[in-house]
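What follows is each chain in one-letter form.
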Amino acid sequence: MAFPVAAGLRHGLVEGRLEIVAEADRSRLAFEVEKVTYWLNWSAIAILSVGASGGILLLLWPLYPVLLTLAPVAAIAAFSAWFLVNARLSNSGPREFLEGLRVEIESSDEDSW
């Protein structure tokens, strides 16, 4: 079984074996990770690179006063890149999926009574 995962700027798949263990009045799921594959989100890296260049420009303008005219543009690039990428970063994996599954099953059990 494979689960999609997200880890910051990386996305990928976690493959493993899902085992269902029967207990007295309920079942327990156990997931054993066998293979993890990640790839980078290149569009987020490109946006962060533009923001980093704006941040570097802000650091250099005290040494080179000619760059002061570009300081507002550099500040906007740095902050907007940070907020744009940071707002979309998330971490999720098999643990979050199984936790969501548990909550969904418990809520459906309560609805059936």
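What comes next concerns the included structure.

Calculation rules
- Residues numbered from 1 in each chain as written.
- Predicted model: local features only at pLDDT ≥ 70, side-chain atom pairs only at ≥ 80, totals over all residues.
- Heavy atoms only, no water.
- Axes fitted to C-alpha atoms, helices over the stretch in contact; angles between N-to-C directions.
- Helix = DSSP H or I, 4+ residues; strand = E, 2+ residues; numbered from the N terminus.
- Left-handed = near helix turned anticlockwise from the far one by under 90°.
- Contact = heavy atoms within 4.5 Å.
- Nonpolar A, V, L, I, M, F, W, Y, C, P; charged D, E, K, R; others polar.
- Phe/Tyr/Trp six-rings, centres within 6.5 Å; stacked < 30°, edge-to-face > 60°.
- Lys NZ or Arg CZ within 6 Å of the ring centre and 35° of its normal.
- Expected span 1.5 Å × (residues − 1).

It is worth spelling out the packing of helix α1 (residues 42–60) against helix α2 (residues 71–86) at this point. At a minimum axis separation of 7 Å, α1 and α2 run at an interaxial angle of 145°. Crossing of α1 against α2: the hand is left-handed. Contacts between α1 and α2 involve Ala44, Ile47, Leu48, Val50, Gly51, Gly54, Gly55, Leu57 and Leu58 from the former and Ala71, Ala74, Ala75, Ala77, Ala78, Ala81, Leu84 and Val85 from the latter. Considering only residue class, the contact of α1 with α2 consists of 14 nonpolar, three polar and no charged.

Another aspect to go through is the environment of serine 92. Looking at the secondary structure, you find serine 92 in strand β4 (residues 91–92). Sequence-wise, serine 92 and leucine 13 are 79 residues apart; in three dimensions their C-alpha atoms are separated by 11 Å. Other than its neighbours up to four places away in sequence, serine 92 contacts Pro4, Val5 and Ala6.

Turning next to the packing of aromatic side chains. Enumeration according to the criterion identifies zero aromatic pairs in this entry. Lying over the aromatic face of tyrosine 38, arginine 10 brings its terminal NZ or CZ to 4.5 Å of the ring centre.

Looking now at α2. An ideal rise of 1.5 Å per residue puts 22 Å on 16 residues; α2 measures up with 22 Å between its terminal C-alpha atoms. Where α2 is buried, its residues contact α1.

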